[in-house]
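Fold and contact review
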Amino acid sequence: MAQIDPKDPHKFKRRGILFIVSSPSGAGKSTISRKLLAADAGLEMSVSATTRPPRAGEVDGKDYHFVDLEKFRDMVAENDFLEWAHVFGNRYGTPRGPVEKALAEGRDVLFDIDWQGAQQLYQQAGGDVVRVFIFPPSLDELERRLRARGTDTNEVIEGRMARATAEISHWDGYDYVLVNDDVDQCFQNVKAILEAERLKRSRQTGLIGFVRSLAKSGRD
Ligand code: 5GP
């Protein structure tokens, strides 16, 4: 539950948001997530666990928690994941503890997870989940971006391109769908979605007391 800000007492208490941004790899989701986190102190990134080996430059505990299959299976058995899925031949999962802690402390949580994760979180947390899908402008442009990244082998890139088409087919499981033609514009749109979702009446659990005080003022 978000706390009341003394500088802005009419920013009412509200339910936290599980804000999911999915896209095929290379469509610009990581850049947009980074910009969102830098712009918004009330938003925290969920760091997933994965059995995929780290890519060059990736940091354990920051980009992912890199774990072996045995550890991942233990975490599944212990019910440590809010959701988990097989993606590109590896396993990925959202650790439950940090998400529950952030929400309880009044922060919203950003998830970079695939459509399977979005579906599972939605099953569990329905109205608190907001799902955004980002399309690349075209498949050619997606391939160009993946190659420019220079972190994956040809074989991996071909696999990702094949998966991209499959992922795109799940666009209708999302609340918002954007095309990333221009990363700054796309970021502005994602930010606007988050800000509007925060203002939804259904999330403003502190509203009723204020409305009562308004209705009473000048009448007693
Ligand atoms: P990458 O290996 O390129 O970092 O991620 C591959 C895919 O796995 C991306 O589509 C990403 O959104 C997805 N992914 C990352 N973490 C999770 C997770 O915890 N759960 C699920 N379901 N998907 C994830």
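Above: the structure in question.
Residues numbered from 1 in each chain as written. Predicted model: local features only at pLDDT ≥ 70, side-chain atom pairs only at ≥ 80, totals over all residues. Heavy atoms only, no water.

**Here's the deal with the side chain of S48**
For the record, the criterion: Helix and strand assignments come from DSSP, with helices taken as H or I runs of at least 4 residues and strands as E runs of at least 2, each series counted from the N terminus. The buried label applies to any residue whose accessible area, calculated with a 1.4 Å probe on protein chains only, is under 20% of its type's maximum; exposed applies above 50%, and partly exposed to all values in between. Residues are treated as being in contact if the distance between any of their heavy atoms lies within 4.5 Å.
Its location among the elements puts S48 in the loop between β2 (43-45) and β3 (49-50). According to the relative accessible area criterion, S48 is buried, its value standing at 8%. Ignoring sequence-local partners within four residues, the contact set of S48 consists of Y64, H65, G93, T94, P95 and I113.

**Examining the site of the ligand**
Definition in use: Here a residue is near a molecule or strand as soon as one of its heavy atoms is found within 4 Å of it. Any pair of nitrogen or oxygen atoms within 3.5 Å is treated as a polar contact; in protein, a donor-acceptor pairing is required on top of that, and neighbouring residues in sequence qualify only through side-chain atoms on both sides. Note on areas: Shrake-Rupley with a 1.4 Å probe; residue coverage comes only from the protein chains shown.
Neighbouring the ligand are 18 residues, the closest being S48, R52, Y64, E83 and Y92. A distance of 2.8 Å is found between an oxygen atom of the ligand and a side-chain nitrogen or oxygen belonging to D112. Within the side chain of D114, one N or O atom sits 2.8 Å away from a nitrogen atom of the ligand. Protein contacts shield 96% of the accessible area of the ligand, which totals 510 Å² for the unbound molecule. Listed by contribution, the elements that provide at least two residues to the shell around the ligand are β5 (81-87) and β6 (90-95).

**Observations regarding the packing of aromatic side chains**
Note the threshold: Each Phe, Tyr or Trp ring, with Trp reduced to its six-membered ring, pairs with another whose centre is within 6.5 Å; inter-plane angles below 30 degrees give stacked pairs, above 60 give edge-to-face pairs, and intermediate values give tilted ones. Should the NZ of a Lys or the CZ of an Arg lie within 6 Å of a ring centre and within 35 degrees of the ring normal, that charge is described as sitting over the ring.
In total, this model carries six aromatic pairs according to the counting rule given. Members of the aromatic cluster, joined through ring pairs, are Y64, F66 and Y92. Taking NZ or CZ as reference, K35 lies 5.3 Å from the ring centre of F187, over its face. When the ring centre of F88 is taken as reference, the NZ or CZ atom of R160 above it lies at 4.7 Å.

**Re helix α7 (residues 183-198)**
Quick reminder of the rule: For a helix, the expected span equals 1.5 Å multiplied by the residue count minus one.
With 16 residues, α7 extends 23 Å between its outermost C-alpha atoms, agreeing within 8% with the 22 Å of an ideal straight helix rising 1.5 Å per residue. Buried residues along α7 sit in contact with β1 (18-22), α1 (29-39), β2, β7 (108-111), β8 (129-135) and β9 (176-179). With a side-chain oxygen lying 3.0 Å from the backbone nitrogen of D184, the N-terminal cap of α7 falls on D182.

**Considerations on the pairing of β6**
Short version of the rule: Here the rule is simple: two strands pair whenever DSSP picks up at least two bridges between them.
Extensive coverage of β6 is indicated by the burial of six of its six residues. The alternating pattern of β6 places N90, Y92 and T94 and R91, G93 and P95 on opposite faces, both of which are buried. Relative to β6, β3 is paired through two bridges, and the arrangement is antiparallel. The partner of T50 across the bridge, within β6, is Y92. Pairing of β5 with β6 involves six bridges; the strand directions are antiparallel. Bridge pairing in β6 links H86 to R91.

**Here's the deal with the sheet that holds β3**
Within a beta sheet, neighbouring strands are joined by backbone hydrogen bonds and run either parallel or antiparallel to one another. For the record, the criterion: Lines fitted to C-alpha atoms define the axes here, with helix axes fitted over just the stretch in contact, and angles between the N-to-C directions of these axes take values from 0 to 180 degrees.
Strand order in the open sheet formed by four strands is β4-β3-β6-β5, with mixed pairing between adjacent strands. At either margin of the open sheet sits one strand with a lone partner, and together these are β4 (65-66) and β5. Where β3 meets β4, two bridges bridge the pair, whose relative direction is parallel. Bridge pairing links T50 to F66 in β4. Sheet strands touched by helix α3 (residues 96-104): β5 and β6. Its angle to β6, the strand with the most contacts, is close to 30 degrees.

**Focus on the pairing of β7**
The two faces of β7 match: D108 and L110 on one face and V109 and F111 on the other face are all buried. As paired elements, β1 and β7 share three bridges and run parallel to each other. Bridge pairing in β7 links L18 to V109.

**A few points about the pattern of salt bridges**
Opposite charge on two side chains lets them pair, provided their charged atoms get close. In plain terms, the rule: Each salt bridge in this description consists of a side-chain nitrogen of Lys or Arg and a carboxyl oxygen of Asp or Glu lying within 4 Å of one another.
Going through the model one piece at a time under the given rule, you end up with 22 salt bridges. A salt bridge links R96 to E100; the shortest N-O distance between them is 3.7 Å. Of the two residues, R96 and E100 both sit in helix α3, four residues apart, roughly one turn of that helix. Note that E197 and R203 form a salt bridge whose closest N and O atoms lie 2.6 Å from each other. Assessed through its relative accessible area of 4%, E197 is described here as buried.

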